[in-house]
Amino acid sequence: MKDPIPALEELWALRPPQQPVYDQPQERDQVVAQLRRLPQLVFAGECDDLRGRLAEAAAGRAFILQGGDCAETFEAVTAGSIQRRLRVLLSMAVALTYAAEVPVVKIGRIAGQFAKPRSKATERRGGVELPVYRGDAVNGFDFSPAARRPDPQRLLQAYYASAATLNLVRAFVKGGFADLQAMHSWNADFVRQTHVSARYEQLTGEIDRALAFMRTIGVDGGDAFRTVDFYASHEALLLDYEHSLTRVDSRTGQPYSVGGHLLWIGERTRRVDGAHAELLRRLRNPVGVKIGPAARPDEIVALAERIDPGREPGRLTIITRLGAGRVRQLLPPLVEAVEATGREVCWVCDPMHGNTFETAGGYKTRSFADVTAELDGFFDVHAALGTWPGGVHIELTGDDVTECVGGAADICEADLVNRYETVCDPRLNRRQSLELAFMVADRLSHLDHPGRRRPPLADL
Ligand code: PEP
Ligand code: CO
């Protein structure tokens, strides 16, 4: 059978943006060859399972929670950091499931999110100009010529860091950590006194009572209460890495990325005829596409046709990041144009990337109020159009950082200096993430017909 994945050289011929330039091309070739021999991080069957769950979300019968770091770092590949990220995502997922009464598809920005697209190629500090930091998979964060030199060995490090991360994630979600009865302990160290912790306690109390009742009447929920399915996703940015982690599935003969369950194409690399779309359209994994305010509806329809010509439910997830001020104006024409093609896509809101600003003190931040305002706009637009608001995509961390302003603890601009730890975009901290989950849960629980699309006008 002809190899359906284009050769890496064919992708380079399309002049992909956002790729590092290595000064040792032979070393890069050796690394790519090594990556091609290494075992898969995820299995094709798992990617198929995720596609099936996303099809449920596209049909309005499930909700997607996708979240994690803007940029993972090698330094944060520790048990504690991974556990804290998982803990906040699982807590959010329970809050959403309980309120929305629909299954929540849990997807981390994790185990592969080591490369970043950047708006400028260089960074200037004082009189010195160096290549910009492009994520640990490319170069180092320190502002020195040695750290900023793109190093192909980092691609291998990204692979091993992803493998170690995913190994622990799998152990946590299947090995007891995700047990609903342990939910109290996930956030037992929470500082009291805010409505977020009070609401979390109320939620765990209600779930405890429900579990106790079921035990009393002899119902054993089995694995459903003790383990969860959790998927890994990242932006497919570095073509050397992504191409070398494609494999043909021995069961079906179909090509998959084995570097993550879901891959997405970023706003800066989503050209219809670009190399990123060319690679991802050939793979059987579910694919996400990020859409910013400059996107034209016809462009997005063309991209949808290219990636999902078979109109397969669950294949395509469109992640909009339009900004709080513009979502109400820009989202309706995009949704209408794609829905008019008859395909069922998942509509996911990323309320982070359209709402970034810089403070007077020079910190890149986001305000919690803008984040929730974009989410409100997203829910209102889908309610007005009769389409299902399929999920949220959040940059967050399990640590109590101070990177985004606002929220129940009312972090202000002067607080940002305390724990500003991100190497790229500002993330919601644990409390802000839970607060956001409760806000989304409230919106979901007030939907007229949760879990069902309104029939098209013509069918009424
Ligand atoms: C991101 O998700 O970190 C990112 C860079 O997003 P976008 O492509 O939407 O700008
Ligand atoms: Co980001």
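This one's a predicted model, so the numbers in the text were calculated from it and none came from an experiment.

1. Description of empty space enclosed by the protein
Inspection of every chain in the model, using the stated rule, returns 1 cavity of 30 Å³ or more. The calculated volume of the largest cavity comes to roughly 70 Å³. At the level of elements, β5 (230-235) and α10 (239-244) are the ones that each hand at least two residues to the lining of the largest cavity.

2. Remarks on the environment of threonine 387
Mapped onto the secondary structure, threonine 387 falls in the loop between α14 (368-385) and β14 (391-395). For threonine 387 and valine 104, which are 283 residues apart along the polypeptide, the C-alpha to C-alpha distance reads 18 Å. A distance of 2.7 Å separates the side chain of threonine 387 from the side chain of histidine 382, its partner in a polar contact.

3. Re the site of ligand 1
Around ligand 1 sit Cys70, Arg109, Lys116, Pro117, Trp264, Gly266, Glu267, Arg268, Lys290, Arg321, His353 and Glu395, and those are all the residues in its vicinity. One of the side-chain nitrogen or oxygen atoms of lysine 290 is found 2.8 Å away from an oxygen atom of ligand 1. At a separation of 3.0 Å, an oxygen atom of ligand 1 approaches a polar side-chain atom of glutamate 395. In isolation ligand 1 has 300 Å² of accessible area, and contact with the protein removes 98% of it. In this structure, ligand 1 is accommodated by the largest pocket. The class makeup of the residues in the shell around ligand 1 is 3 nonpolar, 2 polar and 7 charged.

4. Observations concerning the confidence of the model for the protein chain
Low pLDDT marks stretches whose predicted atomic positions should not be read closely. When the pLDDT values of the protein chain are averaged, the result is 94; 96% of them are 70 or greater. For residues 450-460, every residue scores under 50 in pLDDT, and the model assigns this stretch 20 contacts once sequence neighbours within four places are set aside.

5. Some remarks on the pairing of strand β11 (residues 346-349)
Side-chain alternation along β11 places Cys346 and Val348 on one buried face and Trp347 and Cys349 on a second face that is also buried. Crossover handedness for the path strand β10 (residues 316-320) to helix α13 (residues 327-339) to β11: right-handed. In terms of strand pairing, β11 meets β14 through 2 bridges, oriented parallel. Bridged to cysteine 349 within β14 is valine 392.

6. Some remarks on the pattern of salt bridges
Any two side chains of opposite charge can pair, so long as their charged atoms come close to each other. Per the counting criterion, the structure on display carries 43 salt bridges. Linking arginine 281 and glutamate 278 is a salt bridge whose minimum nitrogen-to-oxygen distance equals 3.0 Å. Ionic pairing is found between arginine 430 and aspartate 400, a salt bridge with its closest N-O pair at 3.6 Å. Of this pair, arginine 430 sits in helix α15 (residues 430-445) while aspartate 400 is found in the loop between β14 and α15, placing the two residues 30 residues apart along the sequence. With a relative accessible area of 2%, arginine 430 lands in the buried category. By relative accessible area, which is 41% here, aspartate 400 ends up partly exposed. Connected through shared salt-bridge partners, Asp48, Arg51, Asp249, Arg251, Arg284 and Glu312 make up one network.

7. With respect to the side chain of aspartate 240
Relative to the assigned elements, aspartate 240 resides in helix α10. Residue aspartate 240 is classed as buried on the basis of its relative accessible area of 4%.

8. Some words on the environment of proline 25
Examined against the element boundaries, proline 25 turns out to sit in helix α2 (residues 25-37). Residue proline 25 is classed as partly exposed on the basis of its relative accessible area of 45%. Sequence separation between proline 25 and methionine 92 is 67 residues; the distance between their C-alpha atoms is 44 Å.

9. Description of the packing of aromatic side chains
The final tally for this structure, using the stated rule, is 7 aromatic pairs. Centre to centre, the rings of tyrosine 133 and phenylalanine 141 are 5.2 Å apart; their planes meet at 80°, and the pair counts as edge-to-face. Summarising the aromatic geometry, the rings of phenylalanine 172 and phenylalanine 177 are spaced 4.9 Å apart at their centres and angled 45° between planes, so their arrangement reads as tilted. For the pair shown, phenylalanine 172 and phenylalanine 177 are each scored as buried. Through a chain of ring-to-ring contacts, the aromatic side chains of Phe172, Phe177 and Trp186 assemble into a single cluster.

10. Remarks on the packing of helix α4 (residues 79-100) against α15
The geometry of α4 relative to α15 is characterised by a closest axis approach of 8 Å and an angle of 15° between their N-to-C directions. With respect to each other, α4 and α15 are oriented roughly parallel. Taken as a pair, α4 and α15 cross one another with a handedness that is right-handed. Each of Arg87, Val88, Ser91, Met92, Ala95, Leu96, Ala99 and Ala100 in α4 lies in contact with α15, whose residues at this interface are Arg430, Ser433, Leu434, Leu436, Ala437, Phe438, Val440, Ala441, Leu444 and Ser445. Of the residues in the contact of α4 with α15, the class split is 13 nonpolar, 3 polar and 2 charged.

11. A look at the sheet that holds β11
Strand order around the closed barrel formed by 8 strands is β1-β2-β5-β8-β9-β10-β11-β14, with parallel pairing between neighbours. Ignoring strand direction, the axes of neighbouring strands in this sheet form an average angle of 25°. Those strands touched by helix α12 (residues 297-307) are β8 (262-265), β9 (287-291) and β10, and its axis lies near 170° from that of β9.

12. Notes on the nonpolar core
Formed by 114 residues in total, the largest nonpolar core has its most connected members in Tyr241, Leu436, Val440 and Leu444. Broken down by element, the residue count for this core peaks at 11 residues, all from α4. Those residues in contact with leucine 436 that lie beyond four places of it in its chain are Met92, Phe368, Val371, Leu375, Ile394 and Leu428. Membership of the second largest hydrophobic core comes to 14 residues, among which are Val105, Tyr231, Ile319 and Val348.

13. Describing a nonpolar patch on the surface
Nonpolar side chains collect at one region of the surface, where Phe213, Ile217 and Val219 lie side by side and expose about 290 Å² of accessible area between them. Within the secondary structure layout, valine 219 lies in the loop between α8 (195-216) and α9 (223-226).

14. What about α13?
The end-to-end C-alpha distance of α13, which contains 13 residues, comes to 17 Å, matching closely the 18 Å that a straight helix rising 1.5 Å per residue would cover. Of the residues making up α13, those classed as buried are Val327, Leu330, Leu331, Pro332, Leu334, Val335 and Val338. Buried-residue contacts for α13 involve β9, α12, β10, β11 and α14.

Calculation rules
- Per-chain numbering applies: the sequence of each chain, read as written, is numbered from 1 onward.
- In the order they appear in the text, chains get letters beginning with A and ligands get numbers beginning with 1.
- Note on the predicted model: pLDDT of at least 70 is required for a residue's local features to be given, and 80 or more for side-chain atom pairs to be given and counted; whole-chain, interface and lining totals, by contrast, use all residues.
- To get the side-chain values, take all heavy atoms of the structure and skip hydrogens and water.
- Within this scheme a cavity is a closed region of a 1 Å grid, computed over the protein atoms alone, that accommodates a 1.4 Å probe without allowing it to escape, whereas a pocket is open but has protein on both sides within 12 Å along at least five of seven lines; lining residues each have an atom within 4 Å of a point.
- Grid points are joined across faces, edges and corners, and a volume is the space filled by probe spheres set on the points.
- Helix and strand definitions follow DSSP, with helices as H or I runs of at least four residues and strands as E runs of at least two, each counted in order from the N terminus.
- Any pair of nitrogen or oxygen atoms within 3.5 Å is treated as a polar contact; in protein, a donor-acceptor pairing is required on top of that, and neighbouring residues in sequence qualify only through side-chain atoms on both sides.
- Any residue with a heavy atom lying within 4 Å of a molecule or strand is counted as near it.
- Accessibility throughout is a Shrake-Rupley quantity obtained with a 1.4 Å probe, and a residue counts as covered only by protein chains that appear here.
- Grid points define the cavity or pocket, and a molecule sits in it when more than half of its atoms lie within 2 Å of them.
- Amino acids outside the nonpolar list (Ala, Val, Leu, Ile, Met, Phe, Trp, Tyr, Cys, Pro) and the charged list (Asp, Glu, Lys, Arg) are all regarded as polar, and Gly is one of them.
- Scored from 0 to 100, pLDDT reflects the predictor's confidence in each residue.
- Whether two residues touch is decided by their heavy atoms; if any such pair falls within 4.5 Å, the residues are in contact.
- Each residue's exposure class comes from its accessible area (1.4 Å probe, protein chains only) as a fraction of the maximum for that residue type: buried when under 20%, exposed when over 50%, partly exposed otherwise.
- Seen with its strands pointing away from the viewer, a crossover is right-handed when the path leading from the first strand over the helix to the second is clockwise.
- When DSSP finds two or more bridges between a pair of strands, those strands are recorded as paired.
- Salt bridge criterion: a side-chain nitrogen from Lys or Arg within 4 Å of a carboxyl oxygen from Asp or Glu.
- Only Phe, Tyr and Trp rings take part, Trp by its six-membered ring, and two of them pair if their centres are within 6.5 Å. Stacked means planes under 30 degrees apart, edge-to-face means over 60, and tilted covers everything else.
- Every axis corresponds to a line fitted to the C-alpha atoms, with the helix fit spanning only the stretch in contact, and the corresponding angles, defined between N-to-C directions, vary from 0 to 180 degrees.
- If an angle is under 35 degrees, it is roughly parallel; if it is over 145, roughly antiparallel; if it lies from 65 to 115, roughly perpendicular; otherwise it is oblique.
- For any helix crossing, the convention is left-handed if the near helix is rotated counterclockwise from the far helix by under a right angle, and right-handed if that rotation is clockwise.
- We define a nonpolar core as any set of buried Ala, Val, Leu, Ile, Met, Phe, Trp, Tyr and Cys residues linked to one another through side-chain atoms lying within 4.5 Å.
- Residues enter patches when their relative accessible area tops 30% and they take part in no salt bridge; the joining distance is 9 Å for like charges and 5 Å for the nonpolar side chains Val, Leu, Ile, Met, Phe, Trp and Tyr.
- Under the convention used throughout, the expected extent of a helix is 1.5 Å for every residue step, that is, one less than its residue count.

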